[in-house]
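Observations on chain architecture
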Amino acid sequence: STPRQNQVGALERPAALRRFYDAVAKLEAGTSMDDVRVTQFGDSHTAADIQTGAVRRALQTRFGDGGRGFVAIGRPWKQWSQDGVKVGMSTDWTPERPSSKAKSAAGGPDGFFGLSGIGLFTHAHGARAWADITAKTSRAEIDYLEQPNGGAFDVFIDGVRVVRIATK
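The notes below deal with the structure included here. (Residues numbered from 1 in each chain as written. Predicted model: local features only at pLDDT ≥ 70, side-chain atom pairs only at ≥ 80, totals over all residues. Heavy atoms only, no water.)

Some thoughts on helix H1 (residues 18-29)
For clarity, the cut-off: Each helix is a run of DSSP H or I of at least 4 residues and each strand a run of E of at least 2, with the numbering of both proceeding from the N terminus. The span expected for a helix works out to 1.5 Å for each residue beyond the first.
Taking 1.5 Å as the rise per residue, H1 with 12 residues should run 16 Å; its terminal C-alpha atoms sit 16 Å apart, in good agreement. The first or second residue beyond H1 is glycine 30, which carries a positive phi of 80°.

Considering the packing of aromatic side chains
Our working definition: What counts as a ring pair is set by centres within 6.5 Å for rings of Phe, Tyr and Trp (its six-membered ring), and what kind of pair is set by the plane angle: stacked under 30 degrees, edge-to-face over 60, tilted for all other angles. Type-normalised accessible area, obtained with a 1.4 Å probe on protein chains alone, sets the label of each residue: buried when under 20%, exposed when over 50%, and partly exposed for intermediate values.
Within this structure, the stated rule accounts for 2 aromatic pairs. Judged by centre distance (5.9 Å) and plane angle (55°), the ring pair of phenylalanine 20 and tyrosine 21 falls under tilted. Relative accessible area serves as the criterion here: at 26%, phenylalanine 20 is assigned to the partly exposed category. Exposure remark for tyrosine 21: the relative accessible area of 34% places this residue in the partly exposed category. With a centroid separation of 5.3 Å and 70° between ring planes, the pair formed by tyrosine 144 and phenylalanine 153 is classed as edge-to-face.

Looking at the environment of threonine 134
For the record, the criterion: When checking whether two residues touch, look at their non-hydrogen atoms; a contact exists if any pair is within 4.5 Å.
By the secondary structure assignment, threonine 134 is in the loop between strand E6 (129-133) and strand E7 (152-157). C-alpha separation for the pair threonine 134 and lysine 86, spaced 48 residues apart in sequence, amounts to 7.1 Å. Residue contacts for threonine 134: discarding those within four places in its chain leaves Gly84, Val85 and Lys86.

So, to be careful, I would describe these as geometric facts and stop short of saying anything about function.
Listed below in structure tokens is the structure:
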């Protein structure tokens with residue numbers, strides 16, 4: 001078949017990525033130090049950081065190391081792996097995916113999945129979930145859900161607790 005006029009390879013509407021192309025061109029030329037964020041939504045190859053890890057390393061090699069990117073807390077299933085990150089959680093947590101049938105009215109999942117497409121919930125005091133970023137990191141942003149019956153969590157940097165955050 002013949003590619004359509006607004007298609008480059010398998011990429012449809014490449015003009016829609018003009019701002020991205022302009023931003024990375026400025027990085028490559030050394031005329032910008034702005035962050036350029038790339039998000040890939042997908043299935044197992046994204047969740048296992050197989051394709052995303054390879055693409056991230058290629059972009060960092062060409063345009064400079066902009067950091068590890070988004071990291072989800074916990075390990076929602078055994079095959080969950082992320083490049084440069086060690087994750088885990090106590091057995092008190094239950095993973096929820098969009099296909100889950102549990103209802104929040106029953107005290108279970110709330111249907112919020114965040115950027116990772118996965119939700120973790122627990123009612124157990126002292127339940128632990130973590131992500132240890134093993135890659136060199138100079139900056140982190142933490143996003144969390146505030147809710148009336150929310151618990152609290154601690155943030156550790158280099159093994160030292162720096163803050164406790166209440167989600168109520």
